[in-house]
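# Notes for the structure review
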Amino acid sequence: MRGPAALLALEDGSAFRGTAFGAEGETFGEAVFNTAMAGYQEVLTDPSYTGQIVAMTSPHQGNYGMNAADPESSRVHVAGFAVREAARRASSWRAEATLRDSLAASSVVGIEEIDTRRLTLRLRDRGSMRAAISTTDLDPRSLVERVRQTSGMAGADLARAVSTTEPYEARSLVGPARTEAGPVFRVAAYDFGMKRTILRRLAATGLETTVFPADTPAGTVAADGFDGVFLSNGPGDPAATTYGVRATRELLGTMPVFGICLGHQLLGLALGGRTYKMKFGHRGVNQPVRNVRTGVVEITSHNHGFAVDPDGWTGDPDGPTAGDFGGVEPTHRNLNDGTLEGIRCLDVPAFGVQYHPEAAPGPHDSRYLFDDFRELIARHGAAS
């Protein structure tokens, strides 16, 4: 059964007619594309996609349905979902709902039967753009004009909107930390848009995690005797997440710090660097990243539209540079476009990576980074 007519409009005047699935109505956000062939449930429930209309390049979505085991958070976070075709039924024994029903239950508007290849090429050539999906305004000129009146992602502080409002113990979601690796260390995690699989990987590495709201003062964490600090992924412009930068600066040098995605960007800013908005970002599970130290190429999972500027520090961008807390060295580079994908501090115990080593969805090439975090904590002496 076909849904009602729907229209996707971009700020450059492009319009794509299709049919709606999920909720009816309209939604506004930043249009981006994701190249993953699977993992749509993890994408939909990743808080980092807040405020974004996600177009999937793989043409068939929803074939294995939705379930209660795989979400990365408690709800769907995307602003909208654009696909070539949404499955009419779920064909998996693990399915508990269909993609269509899940979007409808979450009041998220989706659009199908559009040329997602043309849409992706548009976004790749002209960059991510403000956009809208509507089942009520089907006039391209009208909808484009309304899109142009909305705010973009640059300057948007979104982390507080998706963060937990109260501290909680990660074991309540993922169980206790495993002890096979030795003593269990205590970690404070800043929730800027935390994915549950990150908590699972921390627990599997022997790290007992307490999760804190995004705007928690550094003094609150420092007073609790934690062995390390984790800075999570999340949505929005890192330069606008000033409270995260401030807390990171105050905690650097007091205990080991590990940042992923937005957390990596906040670390870069705390070290005195800069961030910038990318043309269309990296979103998918097939980005080749070279480990500068070993030369090994890792296939990695990404979801980001901002990056750390390697020229943000003084010195050689391809070697050790001078940051506000001493030396900083690049540890990983994207082989597609040269983007800086990882940094490590030389004089304080801290490092970060732009991509997602927990890989949900995605390959597991980079899960060793959680072990690196544990080793950094052990090497610098646990607080407890």
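See the structure above.
About the thresholds
Residues numbered from 1 in each chain as written. Predicted model: local features only at pLDDT ≥ 70, side-chain atom pairs only at ≥ 80, totals over all residues. Heavy atoms only, no water. Phe/Tyr/Trp six-rings, centres within 6.5 Å; stacked < 30°, edge-to-face > 60°. Helix = DSSP H or I, 4+ residues; strand = E, 2+ residues; numbered from the N terminus. Buried < 20%, exposed > 50% of the residue type's maximum accessible area, 1.4 Å probe, protein only. Contact = heavy atoms within 4.5 Å. Polar contact = N/O pair within 3.5 Å; in protein donor to acceptor, adjacent residues only side chain to side chain. Core = buried A, V, L, I, M, F, W, Y, C linked by side-chain atoms within 4.5 Å. Salt bridge = Lys/Arg side-chain N within 4 Å of Asp/Glu carboxyl O.

### A look at the packing of aromatic side chains
- Tallied over the full model, the rule gives 8 aromatic pairs.
- Arranged with centres 5.5 Å apart and planes meeting at 75 degrees, the rings of Phe230 and Phe258 form a pair that is edge-to-face. On the criterion of sequence distance, the pair formed by Phe230 in strand E13 (residues 228–231) and Phe258 in strand E14 (residues 257–260) is long-range, its members being 28 residues apart.
- Given the relative accessible area of 0%, Phe230 is considered buried.

### So, the environment of Arg160
- By the secondary structure assignment, Arg160 is in helix H5 (residues 159–162).
- Sequence separation of Arg160 and Phe192 is 32 residues, and the distance between their C-alpha atoms is 6.7 Å.
- Contacts of Arg160, omitting those with residues within four sequence positions, involve Ala214, Asp215 and Tyr243.
- Only 3.0 Å separates the side chain of Arg160 from the side chain of Asp157, close enough to count as a polar contact.

### Here we look at the nonpolar core
- Counting 31 residues, the largest nonpolar core has Tyr190, Phe192, Val221, Val229 and Leu252 as the members making the most contacts within it.
- Secondary structure elements with two or more residues in this core: strand E11 (185–191), helix H8 (218–222), E13, helix H9 (242–251), helix H10 (262–270) and strand E20 (340–345).
- In terms of residue count, the dominant contributor to this core is H10 (5 residues).
- Ala170, Phe185, Val187 and Ile260 belong to the second-largest nonpolar core, a separate cluster that totals 23 residues.

### Things to note about the pattern of salt bridges
- Counted under the stated rule, the structure contains 19 salt bridges.
- Between Arg94 and Asp70 there is a salt bridge; the shortest N-O distance is 3.0 Å. With Arg94 in the loop between strand E7 (85–86) and helix H2 (99–105) and Asp70 in the loop between strand E5 (60–61) and strand E6 (80–82), the pair connects residues that are 24 residues apart, well separated along the chain.
- Taking relative accessible area as the criterion, Arg94 reaches 34% and is therefore assigned partly exposed.
- When the shortest N-O distance is used, the salt bridge between Asp157 and Arg160 registers 3.0 Å.

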